[in-house]
Structure formats: C-alpha cells, structure tokens
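Read off the chains here:
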Number of protein chains: 2
Amino acid sequence: MAITQSNIYESLTEQTAIALAIKLRIFEEGKVLYCKEIGDGNLNLVFHIYDQDEEKSIIIKQALPYAKVVGKSMPLTLQRATIESNALKLQASIVPDLVPKVYYTDESLAITIMEDLSHLTIVRSGLIDNFDFPILSKHIGEFIAKTLYHTSDYALHPFKKKELVRQFSNPELCKITEDLVFTDPFFNSESNDFEEELLPDAVEIWQDFKLKLEVAKLKKSFLTEAEALLHGDLHTGSIFADIETTKVIDPEFSFYGPIGFDIGQFFANLLFQYITSKEESKKEKILSYIENTWHVFSATFSELWKESLDSYTKVEGYLEYILDKSFKDSLGFTGCELIRRTIGLSHVKDLDGIEHYDERIQAKRRTLDIGSFLIKERKQFSSIDEVIFSLKTFSKERS
Amino acid sequence: MAITQSNIYESLTEQTAIALAIKLRIFEEGKVLYCKEIGDGNLNLVFHIYDQDEEKSIIIKQALPYAKVVGKSMPLTLQRATIESNALKLQASIVPDLVPKVYYTDESLAITIMEDLSHLTIVRSGLIDNFDFPILSKHIGEFIAKTLYHTSDYALHPFKKKELVRQFSNPELCKITEDLVFTDPFFNSESNDFEEELLPDAVEIWQDFKLKLEVAKLKKSFLTEAEALLHGDLHTGSIFADIETTKVIDPEFSFYGPIGFDIGQFFANLLFQYITSKEESKKEKILSYIENTWHVFSATFSELWKESLDSYTKVEGYLEYILDKSFKDSLGFTGCELIRRTIGLSHVKDLDGIEHYDERIQAKRRTLDIGSFLIKERKQFSSIDEVIFSLKTFSKERS
C-alpha cells in the first residue's frame, strides 16, 4: 500500500481513472482496461475498472468537494476521504475478512483504490429480492463487537484512544447525522420529505413531547459519548454480501460515538424488511437476523472483554452494565433511523419501492409507530427476546 | 497579548525570569525588580516578580518537562502549558472577572505571564484559618455555569464545539486523574498513601464491589462524555479569593468532560472543611456554600439555556434532565475526590493538617464513609437540600 500526497485535487473521469490504474501498475501490462462510473453521485465518484478478460477488477472511489442533496449542492471538505480510508485500514487490522482490501490512497486527490466487490450483492437490494444471507447476522455481530471493543477504552491505552478520537473527529459528516437523523424529522423542517397522507402522522411526532425528550437524550449521547470508533452509517446499503461472505463498506461517517448507534442503524434497516414483508417466513427470518446479531455481538464483546487490562472490567456487573446500556441505546437509535427514513430527507428503497400507494402509506405508518415505540419504551427492555416478542405483539395489535 | 514560538525550551531561573520581564517591558524602565520562585515544584515553576516600590507585580508560570510525584520523576510534555493558557483565555472571554489576566504566552518556553493574585488568599488555606468567603459560592456557581454552558453543544455550533474538543484533548493530565482519582484508591495500588490505622477501611473499599461498580460508571463518564470544557481540577487550592473577589487559576487539567466533574471537585473540597470542623456555625457555613453553589449554578445555567438556538432546548423536561444528570454525577465525583484525597497519592492540608493523630484518623474515616455513601446513593438524591439533610443525619448517626 502506498500513500502519496503530491497531487492537486481534480475530479477523475473514466479516462483519467484508467490512466491512474495504469500508472500505478495495478493491472498486468498490455491489458485493455474498461471503466464505468457507478456512484450515485451524491458525495463521491465511484469507478469500476476491469480488464478485457474480466480477470481482475478494482474500485476507485473519489470524494467530491460538495454533497448533492435534492438538487442543492452543499460544500464539503475532502477530509471524509481520509477518514474513510483510515477507518477501512483500522477495520482491516481488526476484521480483515469483513472489509474491502485497500490497495492505494491519495489524500489530496481524496482517492481510495480498493477491492471490487461487485460479485456480491448489496444487502438492502438482496433482502428486497428475498435473498438469504445466512451468515450476515453472525458477521455483522462480529464486525460490531470487534471494531467497537478494539477501539474502546477497554482495549486501548488512554493515549492511543484519545489520539484516535482526535484523528477521527468528523464534524461535517456528524452534522449530517445530527440534522437528518436526530433533528429535522422531529420538527417541521424544510428538509423533511413525505407523502401528504403522512402529514397527520408527522404532526403527531412533532407534537409528542415525551418522544422528543427521549430523542434529545439520544442526540446528546451521539454528540458527547466517545465510547468507540463507529462505522457511523451501518445500514444495509453499506454492506455487500452473499451466502458466505460479508463486506462492510463506506465508513466515511466514522467517528467516536456511542456503541449502540451502529447496532441501531443495522437493526432499523433490517426492520424495514420485517415491516414491509407480507410473508410470515420472511418476517421470522428478519427477526432471527436481528436476534442473532445481538447474541453474536454480546457474546463476542463479552469474550473480548476478558482480555482487557482495565482493572474495572473485573468488577462484577460492569460488563452487564455496558451491554445493557448499549442495548437500550441501540433500540433508541433504531427508532430514530426508522422515523428519519420515513419522513426525513433520505429515504430507503424498502419503503419507497412499494408500488401500491396505500400499502406504502400503511407500511410507513407502521414504521413511524414502531420507531416512536422503541424510542419511548427502550428502557423497559432488558433482552432482545423481549423486543422480538413485543414487535410481534405490536404488529398483531395494529393489523 | 503577544504569542511567540521562536524559543527553545530552557527552565527559567529567578535571574532569567527578571530578564524576560525586562525584555517584554512589563515594568516601567529603570525599576529594580525582585523575583522569588514560589511554586511547589511538582509540575511547574512559578515566579513572583515585583518592583522595588511594590507598585506592580506579575506571575511567570513555566511548565516543567516532568512531574515530580513522591520523589519519582515522570516525563510530561509541555502541551499542558498551551492548554492552560488557552483555557485561561477562553475563560476570560466568558467570565473575565473570575480568572487572572494573561499578559503574555510563549508555547515553546511553556510560559504564561499573568496577573499576580497574591493579595488574595488561597481558599483552602483561608477556610482552614476560618476566613469567610461570602461571595465565593456565588462566583463559583457562576463560573461553572457560564464556562460549562458556553462551551457545550447548547451554545456552540457543532463545528466550533468539535474544534475545541480537539484543541483541548489533554491525554497526559487526564491520565493523572484517571489513575489517581478513579482507579488507584479503589484498588490495592502502589501509589496509595495512608496511615496504617486506615488499612481496614481501605480494604473495605477495595472489596466493596457495589462501590467499585459505581466508580467504574463514573470513570466511564469521565473517559467518554464530552459535555463541556471543564476546568478539570477545581479544588479549593485552585481558587484565590477574599470577601469580594474570586479568581480561578490553574486550568492545566482542562478538557471536554462531564459537567458534574468540576462541581463535584469543588463540593468535595468544601466538604473536607465540613468534616473536619468542630464548630457547628462553621459546619453550617460550609454547607450553605455548597447549597448556594448548586443553586447559583442551576439558576445561571437555566437562564443561559434560554439563549440556546438548539431546538431541543425548547422541549419540556430536557433542561431538568441535564441538570438532574449533572447533579447526580457531581455527587458521585464528590465521593471519588473525598476518597482519593484520603487514601490515594495526593492529599489535602484540610485532613493531613490535623495535628492530633486520633482526630485525624477519625476525620479520614468519616471522609471515606461519606465518599462511599455519595457514590453509591447518588441516584437517590433529587435536590441539594436532600443532600445537605442527609449529610447532617449521616454525621449524627456516626458521631
């Protein structure tokens, strides 16, 4: 892996992306290379480059100096490319099989060249298309447990931990989450985006002061609690997988925050499938993914905890306290993600892809209800089984 | 105020300190200057420089590149001098009357030249000598409320807050607190220091797993919760005062931490006087200082809260939640400070200055009891009046 910082920023094109791959001798000499820009163009350019025999392929990702959100352009520094490549490298040192390999980074060009994962499926699309991901929950449980434990105060010398807190300070991308996940959906904000039929439901949320008080506490946790280095955007669109492989991508939102946040975002994005699916067997499968993710997370984290050199980790009840706090936090963050993806700015295909209008509105109402319920009642739950049971009861009551 | 960074570090002597004052033209030309090193020599050199007519005087404080603790020397970077001078300047922008004026700083020499406060009394010594400080609790309540509010997420743009979190990252001095306040006193650690008679009491603490679980939570809060820019070492030895003036000095431990920490350290260092005093009127006075500090803090913080542009500050119950959390945290931190100053490495004159041996041991036992009680029972308290009442009952029960 090489790092150079000698260049001045310029956006790549399909031609200059190929030229860069050639210059770096990533492919065998003499091969004809093809390139296609496959990014959604909101925050980054993503080039897929492959040779004439399709024997080798890579991804070149380049951060753009702005973010396109609903047509408007918002200036954004390129620092997030550095954050992303540093996070990928750090994660690779902890869970090498669960992240794409990084071949090359260039800070001033905001470029990361990495393993092509296009033989795998984006989990969000796969779930919508009823694919099975039998190993996904085990892998994500391990990913969360290992990356969070190994960057926490329980694993690191306090100097190293504080150095990482500084290194991964990520004000710009955190602000996107602070606004779009924790604030705008809970107020009558311009950025919100939802069908007219949902206005009464949105108004109910904006006027629910018990709910807003709980979201205030969750936002405070996001703003102040530097427990571990989070992925920061762990939804099902950030995960490539098949039946035996899982790769977590796009950690540009990475920063030191509360452990429950990554867990909650993953739970919520699985729950969209529980909420929208009509088949009982699929609903059961999704709930089993959630249940297993938590069990693997807590078992793996507990096992790692035994390695800690921090004297307090030997004190009875402390591990249980940390797990219980992370659990309740994660339910709250799940609720925030459910709500913001329904009435906030940034939507998900799980909901917006429902073609039948009335069905879509019904699914979104259920999402808002479950979101509010989890936020307000999170402290009543002490096990994932209780949550699963409650979700099933909840669905029956409202159906 | 000038800042230069052109020098290479060298310890000052009384002679070179005078030479620096002359070079900077701080005194009138032609005056004969006198200088005395008055620091305790643990972490810093402190020079008191005054002219022949005693018309003008200044303090030159220089950080040493090591810390002397019980004879051993521990290397320490000079970064804390930068932290201290930056904290003093930031505090001066918020509470100009409650901190010493800074005339000059030099980062590479680790020097801060500031207002001489020797006409005032160090509060710890003053309290031991039965001085009255009628305005102290009002001033410290305001100092805490204003410095903490104005550096919190409620007052600052998220970018500015995160910039300050980075700027005031203070790993070395935080580690001193992490070890000496939160860890060593609660384990059989080499650094602990206490009279042989207290061994059974210390062993009781080391074996009290309910207590240690609560200290683990408080240490976690100290390690992870970046709520506001703390002074970080707000004991009565860090405050100069008389009957109408209060000046808070020495913010070299400054960093982003939980709001309750500064409050707790101040409470604990007042409580030493409550515990050791034999006169009922003095005991009442000390309790009234504690009570008033909290009332001024919460009233001032609540008033400032109204200025916040954060939408969630308008949500009913959120301010009360923050105040209640800070209150309970502060009682826990009070307990940690009481215990660590009794059996930990760094002691206070309030306790160690008691000449009669049995009395001293008795006072220390009471300190440990109250410390454990506050840590374990902090969540039962919802007002400062309840705490005061409980302290009085506590004293009677044990006397």
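Thresholds applied
Residues numbered from 1 in each chain as written. Chains lettered and ligands numbered in written order. Predicted model: local features only at pLDDT ≥ 70, side-chain atom pairs only at ≥ 80, totals over all residues. Heavy atoms only, no water. UniProt positions renumbered as here; feature names shortened; annotations may be inferred. Helix = DSSP H or I, 4+ residues; strand = E, 2+ residues; numbered from the N terminus. Rg over C-alpha atoms; globule rule 2.2 N^0.38 Å. Buried < 20%, exposed > 50% of the residue type's maximum accessible area, 1.4 Å probe, protein only. Contact = heavy atoms within 4.5 Å. Buried area = accessible area lost by both parts, 1.4 Å probe. Salt bridge = Lys/Arg side-chain N within 4 Å of Asp/Glu carboxyl O. Polar contact = N/O pair within 3.5 Å; in protein donor to acceptor, adjacent residues only side chain to side chain. Core = buried A, V, L, I, M, F, W, Y, C linked by side-chain atoms within 4.5 Å. Axes fitted to C-alpha atoms, helices over the stretch in contact; angles between N-to-C directions. Parallel < 35°, antiparallel > 145°, perpendicular 65-115°, else oblique. Left-handed = near helix turned anticlockwise from the far one by under 90°. Nonpolar A, V, L, I, M, F, W, Y, C, P; charged D, E, K, R; others polar. Domains from an automatic or database assignment.

As named in an unreviewed UniProt entry, chain A is Methylthioribose kinase, taken from Rossellomorea pakistanensis. Heading Catalytic activity (unreviewed entry) of the UniProt record for chain A holds this comment: "5-(methylsulfanyl)-D-ribose + ATP = 5-(methylsulfanyl)-alpha-D-ribose 1-phosphate + ADP + H(+)". Per UniProt, chain A carries the Pathway (unreviewed entry) text "Amino-acid biosynthesis; L-methionine biosynthesis via salvage pathway; S-methyl-5-thio-alpha-D-ribose 1-phosphate from S-methyl-5'-thioadenosine (hydrolase route): step 2/2."

A.B. asks: Run through the overall build of chain A, naming residues and quoting values.
C.D. replies: Within chain A one finds 14 helices and 13 strands. Computed over the C-alpha atoms, the radius of gyration of chain A is 21 Å, within 12% of the 21 Å expected from 2.2 N^0.38 for a compact globule of 399 residues. Dimensions of chain A along its principal axes, counting C-alpha atoms only, are 65 × 55 × 40 Å. When the 399 residues of chain A are sorted by exposure, 60% land in the buried category.

A.B. asks: Let's hear about the interface of chain B and chain A: which residues, and what values?
C.D. replies: Reports of interface size often rely on the accessible area that becomes lost once the parts have come together. With 42 residues of chain B in contact, the opposing surface of chain A contributes 42 residues. The junction of chain B with chain A conceals about 3600 Å² of combined surface from both sides, 68% of it contributed by carbon and sulfur atoms. Three residues, R166(B), K220(B) and Y312(B), lead the burial of chain B against chain A; their summed loss comes to 20% of the area buried on that side. Linking chain B with chain A are six salt bridges. With a shortest N-O distance of 3.9 Å, E225(A) and K220(B) are connected by a salt bridge. Viewed at the interface, chain A and chain B are joined by twelve residue pairs in polar contact (both at pLDDT 80 or more).

A.B. asks: Mind laying out the UniProt feature "binding site: substrate" (unreviewed entry) in chain A, listing which residues take part and the relevant values?
C.D. replies: Residue and element names in this part refer to chain A. When the UniProt feature table is mapped to this numbering, "binding site: substrate" (unreviewed entry) covers D233 and R340. Across 108 residues, the annotated set stays spatially compact, with a maximum C-alpha separation of 13.4 Å. With respect to the helices and strands, the residue D233 is situated in the loop between β10 (228-230) and β11 (239-241). Its relative accessible area of 14% is what places D233 among the buried residues. Residues contacting D233, with those up to four places away along its chain left out, are S238, F253, D262, Q265 and R341. With respect to the helices, strands and loops of the structure, R340 is situated in helix α11 (residues 318-343). The class of R340 is buried, set by a relative accessible area of 7%.

A.B. asks: Could you give an account of the nonpolar core, with specific residues and numbers?
C.D. replies: Membership of the largest hydrophobic core comes to 176 residues, with the highest contact counts inside it found for F301(A), F186(B) and F301(B). Once residues within four sequence positions are removed from consideration, F301(A) is found in contact with A145(A), Y149(A), I259(A), L319(A), I322(A) and L323(A).

A.B. asks: Go over the packing of helix α11 (residues 318-343) of chain B against helix α13 (residues 357-377) of chain B with me, naming the residues and quoting the values.
C.D. replies: The geometry of a pair of packed helices is captured by two quantities: the angle between their axes and the separation between those axes. Residues and elements named next belong to chain B. Taken N-terminus to C-terminus, the directions of α11 and α13 make an angle of 150°; their axes are 7 Å apart at the nearest point. One way to sum up the angle between α11 and α13 is to call them roughly antiparallel. The handedness of the crossing between α11 and α13 is left-handed. Across the interface between the two elements, L331, G332, T334, G335, C336, L338, I339, T342 and I343 of α11 pack against K364, T367, L368, I370, G371, S372, L374 and I375 of α13. Split into classes, the residues belonging to the contact of α11 with α13 amount to nine nonpolar, seven polar and one charged.

A.B. asks: Tell me about the domain arrangement of chain A, residues and numbers included.
C.D. replies: All names here are of chain A. What the domain assignment lists for chain A is domain 1 (14-115) and domain 2 (121-398). Taken over C-alpha atoms, the centre of domain 1 sits 27 Å from the centre of domain 2. At the junction of the two partners, domain 1 supplies 25 residues and domain 2 supplies 27 residues. Taken together, both faces of the contact between domain 1 and domain 2 bury some 2100 Å²; the carbon and sulfur share is 66%. Sorting the residues of domain 1 by area buried against domain 2 places I83, I94 and L98 first, and these three jointly supply 28% of that buried surface. At the boundary of domain 1 and domain 2, one finds two salt bridges. At the boundary of domain 1 with domain 2, the tally comes to six residue pairs in polar contact (both at pLDDT 80 or more). The element best represented in the side of domain 1 that touches domain 2 is helix α2 (residues 79-94), accounting for ten residues. When grouped by side-chain class, the residues that make up the side of domain 1 that touches domain 2 number 15 nonpolar, five polar and five charged.

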